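Structural description and commentary
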Amino acid sequence: MSTNEVAYVEHNDPTLQSILDQHTLKWIFCGGKGGVGKTTTSCSLAIQLAKVRPSVLLISTDPAHNLSDAFGQKFGKEATRVNGFGNLSAMEIDPASSIQEMMEQSDQQGGAMSGMMSDLAFAIPGVDEAMGFAEIMKHVKSMEYSVIVFDTAPTGHTLRFLSFPTVLEKALAKFSTLGRSFGPMLNQMTSMMGGGGSSQEDMFAKLESMRAVINEVNTQFKDPEKTTFVCVCISEFLSVYETERLVQELTTYEIDTHAIVCNQLLYPPKNSDCQHCKVRQAMQAKYLDSIVELYGEDFHIVKVPLETSEVRGVERLKEFSRYLVEPFKPPQ
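Quick notes on the rules
- Residues numbered from 1 in each chain as written.
- Predicted model: local features only at pLDDT ≥ 70, side-chain atom pairs only at ≥ 80, totals over all residues.
- Heavy atoms only, no water.
- Helix = DSSP H or I, 4+ residues; strand = E, 2+ residues; numbered from the N terminus.
- Buried < 20%, exposed > 50% of the residue type's maximum accessible area, 1.4 Å probe, protein only.
- Contact = heavy atoms within 4.5 Å.
- Areas by Shrake-Rupley, 256 points an atom, 1.4 Å probe, with all protein chains shown as cover.
- Expected span 1.5 Å × (residues − 1).
- Arc of directions from axis to C-beta.
- Patch = residues over 30% accessible without salt bridge, like charges linked within 9 Å, V, L, I, M, F, W, Y side chains within 5 Å.
- Salt bridge = Lys/Arg side-chain N within 4 Å of Asp/Glu carboxyl O.
- Pairing = 2+ DSSP bridges.
- UniProt positions renumbered as here; feature names shortened; annotations may be inferred.

What follows covers the overall build of the protein chain. A count of helices and strands for the protein chain gives 13 helices and 8 strands. A burial count over the protein chain gives 50% of its 332 residues as buried. Considering only residue pairs separated by 6 or more positions, the protein chain has 78% of its internal contacts joining residues 24 or more positions apart. Taken as a whole, the protein chain presents about 15500 Å² of accessible surface, with 53% of it coming from carbon and sulfur.

Moving on, we come to helix 12 (residues 275-295). Compared with the 30 Å implied by 1.5 Å per residue over 21 residues, the 30 Å span of helix 12 between its first and last C-alpha is a close match. When we look at burial in helix 12, the residues that qualify are Gln-284, Tyr-287, Leu-288, Ile-291, Val-292 and Tyr-295. Along the long axis of helix 12, the arc covered by the buried residues comes to 150°, so they all point the same way. In this structure, helix 12 carries Gln-275, Val-279 and Glu-293 as exposed residues pointing more than 90 degrees from its buried face.

A few words now on a nonpolar patch on the surface. On the surface, a nonpolar cluster with roughly 350 Å² of combined accessible area is contributed by Phe-237, Leu-238 and Tyr-241. Mapped onto the elements, Phe-237 comes out in helix 11 (residues 237-252).

We now examine the environment of Glu-236. The residue Glu-236 is located in the loop between strand 6 (227-234) and helix 11 in this model. Separated by 51 residues in sequence, Glu-236 and Tyr-287 have C-alpha atoms that sit 6.1 Å apart.

Now for the sheet that holds strand 6. The 8 strands are arranged 3-4-2-5-1-6-7-8 in an open sheet whose pairing can be described as mixed. Two strands lie at the open edges of the sheet, namely strand 3 (80-81) and strand 8 (300-305), each paired on one side alone. In terms of strand pairing, strand 6 meets strand 7 (residues 259-265) through 5 bridges, oriented parallel. Among the inter-strand pairings, Val-232 is bridged to a residue of strand 7, identified as Val-261.

Attention now moves to helix 3 (residues 38-49). Residues three or four positions apart in an α-helix share a direction because the helix packs 3.6 residues into each turn. The first and last C-alpha atoms of helix 3 sit 16 Å apart over 12 residues, in line with the 16 Å expected at 1.5 Å per residue. With respect to burial, helix 3 is a largely interior element, 11 of its 12 residues being buried. Residues of helix 3 that are buried: Lys-38, Thr-39, Thr-41, Ser-42, Cys-43, Ser-44, Leu-45, Ala-46, Ile-47, Gln-48 and Leu-49.

Next up on the list: the pattern of salt bridges. Pairing between side chains of opposite charge can happen when their charged atoms approach one another. Overall, the coordinates contain 6 salt bridges when judged by the stated rule. Across the salt bridge formed by Glu-236 and Arg-280, the nearest N and O atoms sit 2.4 Å from each other. In this pair, Glu-236 sits in the loop between strand 6 and helix 11 while Arg-280 sits in helix 12, placing the two residues 44 residues apart along the sequence. Arg-280 gets classed as partly exposed once you look at its relative accessible area, which sits at 37%. The shortest N-O distance in the salt bridge between Arg-316 and Glu-319 comes to 3.0 Å.

The UniProt feature table records "binding site: Zn(2+)" (unreviewed entry) at Cys-274 and Cys-277. Judged by its relative accessible area of 24%, Cys-274 is partly exposed. Relative to the elements of secondary structure, Cys-277 occurs in helix 12. Other than its neighbours up to four places away in sequence, Cys-277 contacts Leu-266 and Pro-268.

Structure below.
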């Protein structure tokens, strides 16, 4: 064990217990590079939270949804109780498809006016995904859950997801200004086309309510008492690099992060004659040392061993979730 690692063990508990103990948290994100075990980690964290919170909602915002596979139960865009739990629910949603559904509903309700406003909306870069995010947050905020865990898409998508409140706030301000500037003309055109004059005000009312939701969510995301981000990685160069980028970006967005889960660590028995295992363990040890050196003073670093079987189904997830609260002890 290196000097850095000794310091880290003494000063920071190598578990996620601090997150379980922080009952003010409302939003918890789990993210990292693709294939590092984000879904398994987020499911496991949700299971542990269900032991100490009245109600927990687990949401996948990754288009390649895995919650259904992990629990062996079908989830969709409506919150569904997870089998075997009285206070844990899950749902799988896609921000990109949410905006399309919203626009289709708007077209049906507002006719030509809504179509023109939709075109104007899509002219603002990134607003389609951002508005999809707003619809999700509006939906989620109406639910009474004590804590919400997000199983996010790979790093790049996650960073866009977290920047949506800021993007949307700017876009809606611009959209509202443009819309009101052209208001009289749009009213005249919709009247000529047989549309209702009230549709413009209805659209603006929706935009303003959306802005209010986003402003509130944005404030909560930047409050370390309400929001934290758990970085998930494996002990390899690309994953460590992605984690460093993620931590820097989260700092830029003023989103709290103080925990890293390092998955799939190999601990072969000392009498093992597997050369591949020894080489891989040496490589992982090098990058684990880098993680400890970079983050050991400020982060809780959770070491999770490589499992010999798939972590699927409620019972296996329950077993795996213990790694998040009980420090793993490598075989001697």
